[in-house]
Amino acid sequence: MELEAFLRALPKAELHLHIEGSLEPEMMFSLAQRNGVPLPWASVEATRAAYAFTDLQSFLDLYYAGAAALIHEADFFDLAMAYFRRAAADGVVHAELFFDPQTHTARGVAYGTVLDGLERACHTAQTELGVSSRLILCFLRHLSEEDAFATLTEAEPHLARIHGAGLDSSERGHPPSKFARVFARCRELGLHVVAHAGEEGPPAYIRQALDLLQVERIDHGVRASEDADLLARLAEDGTPLTVCPLSNVKLCVFKRLEDHNLAQLLRAGLKVTINSDDPAYFGGYILKNFVDTALALSLSRAELTQIARNSLEASFVSDAERVPWLARLDAVAAGT
Ligand code: HPA
Ligand code: ZN
């Protein structure tokens, strides 16, 4: 089987996907028009042309500006359905979606509106596309601990509808330690916990995420390779890393995909997964991340199968849900 067909056929879980980062410029413009919201760009083409980032913050500035087009329940539904259709076409069987309530509540959009639209899309994705999903609420780390606690309080009546909590936005200068108490409360409430760490921030932030937030997965985590003891610990504990190769190149974490350390992390025994992060901004959905990375780093089919297997194993579904996906993965890998 040709590489792309093989990678599409492998059942995959996408574990690092910001739903607001799947807002394609075409939808951004149609929603902005529908909602009478001004955008800082004159056209779809001008918007795409502005996607030349120098670091994480230069991306986040545009990402938050684009999210202003999202107002109504139907907007969040349409956004998530567009993502699920792309994901299904790429062979995603399960997706754990990050969403950023503070980006919306700060503009006067109610938390319930965001959640209703996303949750309806999750149900529709299951019934119409056979894609299962979970929602993970992310706290914006550039905002205060107090703001994060207020967000959690607002979310509490709806906690049955979300599965986990995460930490995203500007990493430098906002260490995981800032949110130790918030994450303790999240764990008390029975939420799974994950955090972005070691994308732009130092290995010490990955250690803090593990020790102080007690996260179950590290989002990105690529800077772990600067700390041999940390690498050994991550390998030993089997802590999954949700790596996003095209994102890392777009945000200048690595100059070229050929320079990415994903193969090094994988060969050091870490539970590496491949994800798209913010596909509308970074030039590709999960399948393109797999294909381009496989070619740039000469990953073998056994390694690619392992990466897909890691994603199924690292997901927050029950073992019963995982079993049929793993069986299909084995069948694809065996060429049957
Ligand atoms: N890093 C931090 N925050 C984010 C990202 C990211 O890659 N994408 C959306 N918010
Ligand atoms: Zn991310």
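See above for the structure.
Now for a description of the structure that goes with this document. (Residues numbered from 1 in each chain as written. Chains lettered and ligands numbered in written order. Predicted model: local features only at pLDDT ≥ 70, side-chain atom pairs only at ≥ 80, totals over all residues. Heavy atoms only, no water.)

Thoughts on the coordination of the zinc ion (ligand 2)
Tetrahedral coordination by four donors sets the ideal angle at the metal to 109.5 degrees; octahedral coordination by six donors sets it to 90 or 180 degrees. Binding of the zinc ion (ligand 2) to the protein goes through His16 (NE2), His18 (NE2), His196 (NE2) and Asp277 (OD), at separations of 2.0 to 2.2 Å. For the zinc ion (ligand 2), the single-chain donor residues occur in sequence as H-x1-H-x177-H-x80-D. Residue histidine 196 is located in strand 5 (residues 192-197), and its partner aspartate 277 is located in the loop between strand 8 (271-274) and helix 14 (279-282); the two are separated by 81 residues in the primary sequence. Given a relative accessible area of 5%, histidine 196 falls into the buried group. Under the relative-accessibility criterion, aspartate 277 is labelled buried at 2%. (Donors = N, O, S within 2.8 Å, 3.2 Å for Na, K, Ca; no water. Helix = DSSP H or I, 4+ residues; strand = E, 2+ residues; numbered from the N terminus. Buried < 20%, exposed > 50% of the residue type's maximum accessible area, 1.4 Å probe, protein only.)

Examining the environment of histidine 123
Within the element layout of this structure, histidine 123 appears in helix 7 (residues 111-129). Through-space distance from the C-alpha of histidine 123 to that of leucine 241 is 27 Å; in sequence the pair is 118 residues apart.

So, the sheet that holds strand 7 (residues 240-243)
Note: strands within a sheet are paired through backbone hydrogen bonds, in either parallel or antiparallel orientation. Overall, parallel pairing links the eight strands, which are arranged 1-2-3-4-5-6-7-8 in an open sheet. Across the chains shown, the open sheet's two edge strands, defined by having one partner strand only, are strand 1 (12-18) and strand 8. On average, each strand axis in the sheet is tilted by 25° relative to the strand beside it, whichever way the strands run. Strand direction decides the pairing type here: strand 5 and strand 6 (residues 217-220), joined by four bridges, are parallel. Opposite alanine 197, over in strand 6, you have histidine 220 as the bridge partner. (Pairing = 2+ DSSP bridges. Axes fitted to C-alpha atoms, helices over the stretch in contact; angles between N-to-C directions.)

Some thoughts on helix 15 (residues 286-297)
The end-to-end C-alpha distance of helix 15, which contains twelve residues, comes to 16 Å, matching closely the 16 Å that a straight helix rising 1.5 Å per residue would cover. In terms of burial, helix 15 is a largely internal element, nine of the twelve residues being buried. Taken as a whole, helix 15 has its buried residues at Ile286, Leu287, Asn289, Phe290, Val291, Thr293, Ala294, Ala296 and Leu297. Positive backbone phi, approximately 50°, marks serine 298, located one or two places after helix 15. (Expected span 1.5 Å × (residues − 1).)

Overview of the nonpolar core
Counting 114 residues, the largest nonpolar core has Leu7, Phe84, Phe99 and Phe139 as the members making the most contacts within it. Those residues in contact with phenylalanine 99 that sit more than four places away from it in its chain are Ile19, Glu20, Tyr111, Val114, Leu115, Leu118, Leu135, Ile136, Leu137, Cys138 and Ile162. Membership of the second largest hydrophobic core comes to five residues, among which are Phe98, Cys138, Val194 and Phe316. (Core = buried A, V, L, I, M, F, W, Y, C linked by side-chain atoms within 4.5 Å. Contact = heavy atoms within 4.5 Å.)

Here's the deal with the layout of surface pockets
The volume enclosed by the largest pocket comes to roughly 210 Å³. Lining the largest pocket, in full, are Glu119, Cys122, His123, Gln126, Ser132, Ser133, Arg134, Leu135, Arg161 and His163. Mapped by element, the contributors of at least two residues to the lining of the largest pocket are helix 7 and strand 3 (132-140). When its residues are assigned to classes, the lining of the largest pocket shows two nonpolar, five polar and three charged. (1 Å grid on protein atoms, 1.4 Å probe; cavity = no way out; pocket = protein on both sides within 12 Å on 5 of 7 lines; lining within 4 Å. Points joined across faces, edges and corners; volume = space filled by probe spheres on them. Nonpolar A, V, L, I, M, F, W, Y, C, P; charged D, E, K, R; others polar.)

Side note on the state of the cysteines
One pass over the structure, following the stated rule, counts zero disulfides. For cysteine 138, which is in no disulfide, the shortest distance to another cysteine sulfur is to cysteine 186 and amounts to 11 Å. With relative accessibility at 0%, the residue cysteine 138 sits in the buried group. No disulfide involves cysteine 252; its sulfur sits 15 Å from that of cysteine 244, the nearest cysteine. (Disulfide = S-S within 2.5 Å.)

Digging into the pattern of salt bridges
If you walk through the whole model with that rule in mind, you get 24 salt bridges. With its nearest N and O atoms 3.0 Å apart, the salt bridge here joins glutamate 24 to arginine 48. One end of the pair, glutamate 24, is in the loop between strand 1 and helix 2 (25-35); the other, arginine 48, is in helix 3 (residues 44-49), with 24 residues separating them in the sequence. Classification of glutamate 24 by relative accessible area gives buried; the value is 17%. Between arginine 172 and glutamate 200 there is a salt bridge, with its nearest N and O atoms 3.6 Å apart. Of this pair, arginine 172 sits in the loop between strand 4 (164-168) and helix 9 (180-188) while glutamate 200 sits in the loop between strand 5 and helix 10 (203-211), and the two are 28 residues apart along the sequence. Taken together, the shared-partner salt bridges connect Glu24, Glu26 and Arg48 into one network. (Salt bridge = Lys/Arg side-chain N within 4 Å of Asp/Glu carboxyl O.)

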